[in-house]
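These are the residues of each chain, in order.
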Amino acid sequence: MYFVGIDGLAIALLLACLCLRLWGMGPMHTDDAAWALHAHQPASDPIGDWARSQGRVWAFPIGNMMLRALFWEGTPLESILKLGSFVIFFVSFYGVVSAYWGRRTAGFAACLFLGLLALRWEGSALTAYPLLVWPSATLCAFAILAGRRYYLSASRAALASSALFLFAALFNNEGVVLLFCLLFVFSVVGNLAVEKSIANFKVSDFTHGRSRNLVLVSIVVPALYALLAVGWMVAHPSKYNGHSLAPFDAANITTTLLNFSLSGSVLYDLIIPYKVLYADTLTGAGTAIVYDIYLYVNELAAYPGTILVGIMTAYAAFITLRRMPGQGVTVWRFIPLILIGGMITFLPILPVAMTQKYQTWCLEYGINSYVMTILSHFGVSMMLAGILMPFVHLRRLGIVIALLLAIILGAFAAVGSRMNDAVAADMRPEAGRWRILALALKTIDATGQTSPVIFAPRFGSGSWFTVVPPDYWTAYVKAKYKRPVQIYTKPSEIAASSENIASLDYQLLDNERRFVFSIAHITGDTGNRHIDSISVTIERMDPSVLANYVLSYRDQDGMLVQKRLVDVPALSDPRIRLTSNINARLNTVRVTKGSILADSTIPQKSN
């Protein structure tokens, strides 16, 4: 395997950095949000509805795994399932590459994957749809490795395992199924290449002995799955508009295919920068943020962590490349690596690129990514490895080229890491709403700020990725927490309310991973509404936050009142601070970083 040695350690650390960036993000797609609610509603049947409405029998096993993962939304277990399954596939995938092309090739391809990865939120399998593709893809890798073991050792248990793994892997998206079947066929060819050159292959090589048995597995297992899948499809015809083919247009298909397949790489961003539309949930104003990779070059000096990522990537790539064998290696050895990498890049996307729905997304709406784009990026890493590695084998210039490639990859990794951090930071407040809600309910219980209504304007959807209906949060609290609490996101919804209201606001702390939020308890008769208590909760206590952040509000006389969080009384849980018996104006509560003004009772300026 390639996870050995110093270079393997560097790859493992880079993989850990990627997972840390996404840890605890929360639902990043509307479908995930809906399923997180269904997971706590026993009467709902999203799995059966999905399988029947789209004619997909594979929705049953995959849907059950997704629903279980989203049941644990807001807990570490959800992140473990989502990211852990990805890590297991990552190791398995490059384990297959190592078995067929060698450890160093696998290591360099892994460096390319991590160094050039660009985060995307358009339902990416890395950030959404937990367990949708990675378990199936891992089973496919296991099937290929078990088949290779059978070929080398004649173990019948390995042959049986290979067939079972392959059958289980096929319960997935149609394009992915096609890819898995072809990969298994090519693995049979790769096994035979251990004994003879591809140029010397004969048909009889595949009709005798162990190769024949593996060929039978590659035919019989997909045929059995096809009978099951087609039978279900006939019984339950698809009503999904994503299955409707567009009129054949090679240009439209090619454009959609290239965008959806290649947009997971920062190389793509050199040509087409990533663009996301955000809406301020408080003002309603929309903002288009363009993540121009060139602009992040100037920011590197202020973010030493991203520079370290670049250095680790360059080091791992160079160590891998300089240890390549220098003799007995031909360019032809890398042709299969390029071809199979191309299959992994484009085949999962090809069926989608032919549909009307996704062509419209790409060509009219400017959406350039898809749920399987992250899977395609594994293929991109293989293709690039196959294209670049022959140059490293040049006798006199090999070491120089290896160093140059490592430096270039390290530079891309550093800039890409900074851009990915920025993208994650912008999305985290929206993805963290479920986590904030859980903490807010605990805070309300601890402080006694119990109210039948929670006003949380930032729970309104800030982008198109995780849009939820207006009554979603009320239904979610009722289903998961068994609380009859109304949650509103618009001021108009509470304008005429005479009930006590807990007004919730939150923000990210400086490290862009933790939240601090305030709950202002609103009471009083209509026309005389005021805030009588304010609680502030810090996710994961840090003394520096208490010292550097200030709670401020204005009293009924318009006087500004400020307190450092360290001076606000703490409850038994030191993360929660509560100031009570106050008479503050509505909409004046702020938690900000900075110094207290010299005069902490400055009157509000009149217009």
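These remarks concern the structure in this document. (Residues numbered from 1 in each chain as written. Predicted model: local features only at pLDDT ≥ 70, side-chain atom pairs only at ≥ 80, totals over all residues. Heavy atoms only, no water.)

## Examining the overall build of the protein chain
Phase 1: For the protein chain, the helix and strand inventory stands at 22 helices and eleven strands.
Phase 2: Over its C-alpha trace the protein chain gives a radius of gyration of 28 Å, about what one expects of a compact globule, namely 25 Å for 607 residues.
Phase 3: Classification of the 607 residues of the protein chain by burial places 53% in the buried group.
Phase 4: Averaged over its 47 positive side-chain charges, the protein chain has a centre that lies 11 Å from the centre of its 36 negative ones. (Helix = DSSP H or I, 4+ residues; strand = E, 2+ residues; numbered from the N terminus. Rg over C-alpha atoms; globule rule 2.2 N^0.38 Å. Buried < 20%, exposed > 50% of the residue type's maximum accessible area, 1.4 Å probe, protein only. Lys, Arg positive; Asp, Glu negative; His and termini not counted. Charge placed at Lys NZ, Arg CZ, Asp CG, Glu CD.)

## Re unusual backbone geometry
Phase 1: In this structure, arginine 540 takes a positive phi of about 60° despite not being glycine.
Phase 2: Relative to the assigned elements, arginine 540 resides in the loop between β7 (530–538) and α22 (543–548).
Phase 3: Notably, asparagine 587 is not glycine yet its phi reads approximately 60°, a positive angle.
Phase 4: Structurally, the position occupied by asparagine 587 is in the loop between β10 (576–584) and β11 (590–593).

## Observations regarding the pattern of salt bridges
Phase 1: Scanning all chains against the criterion turns up 16 salt bridges.
Phase 2: Where arginine 103 meets aspartate 7, a salt bridge forms, and the shortest distance between an N and an O atom there is 3.4 Å. Residue arginine 103 is located in helix α6 (residues 103–116), and its partner aspartate 7 is located in helix α1 (residues 5–22); the two are separated by 96 residues in the primary sequence.
Phase 3: Using a relative accessible area of 3% as the deciding quantity, one classes aspartate 7 as buried. (Salt bridge = Lys/Arg side-chain N within 4 Å of Asp/Glu carboxyl O.)

## Brief notes about the sheet that holds strand β8 (residues 549–554)
Phase 1: On the basis of which strands lie adjacent, the open sheet formed by three strands has the order β9-β8-β11 and antiparallel pairing. Of all the strands in the sheet, just β9 (560–564) and β11 have a single pairing partner and so form its edges. Each strand of the sheet is rotated relative to its neighbour by a mean of 30°, with strand direction disregarded.
Phase 2: Of the strand pairs in this sheet, β8 and β9 are connected by five bridges, and their pairing is antiparallel. Looking at the pairing, valine 550 lines up with arginine 564 of β9. (Pairing = 2+ DSSP bridges. Axes fitted to C-alpha atoms, helices over the stretch in contact; angles between N-to-C directions.)

## Re the sheet that holds strand β5 (residues 501–508)
Phase 1: In space, the six strands of this open sheet follow the order β4-β3-β5-β6-β7-β10, with mixed pairing throughout. For this open sheet the edge positions go to β4 (486–488) and β10, each flanked by a neighbour on one side alone. The average angle at which neighbouring strand axes cross in this sheet is 20°, direction not considered.
Phase 2: Summarising the sheet, β7 and β10 pair through six bridges and their orientation is antiparallel. Bridge pairing in β10 places valine 536 opposite arginine 577.
Phase 3: Packed onto the sheet, helix α18 (residues 398–431) meets β5 and β6 (515–523) and runs at close to 165° relative to β5. (Contact = heavy atoms within 4.5 Å.)

## Re the side chain of arginine 514
Phase 1: When you line up the elements, arginine 514 lands in the loop between β5 and β6.
Phase 2: Only 2.7 Å separates the side chain of arginine 514 from the backbone oxygen of arginine 540, close enough to count as a polar contact.
Phase 3: Within the structure, arginine 514 has its side chain in polar contact with the side chain of aspartate 542 (distance 3.4 Å).
Phase 4: In contact with arginine 514, not counting residues within four places along its chain, are Gln507, Leu508, Leu509, Glu539, Arg540, Met541, Asp542 and Val545. (Polar contact = N/O pair within 3.5 Å; in protein donor to acceptor, adjacent residues only side chain to side chain.)

## Focus on helix α11 (residues 250–262)
Phase 1: Here α11 is 13 residues long and its end C-alpha atoms lie 18 Å apart, about the 18 Å a rise of 1.5 Å per residue gives.
Phase 2: Here α11 has its buried residues at Ile253, Thr256, Leu257, Asn259, Phe260 and Ser261.
Phase 3: Buried residues along α11 sit against α12 (266–269), α14 (335–346), α15 (350–353), α16 (356–363) and α17 (373–392).
Phase 4: One side-chain oxygen at the N-terminal end of α11 lies 3.0 Å from the backbone nitrogen of alanine 251; it belongs to aspartate 249. (Expected span 1.5 Å × (residues − 1).)

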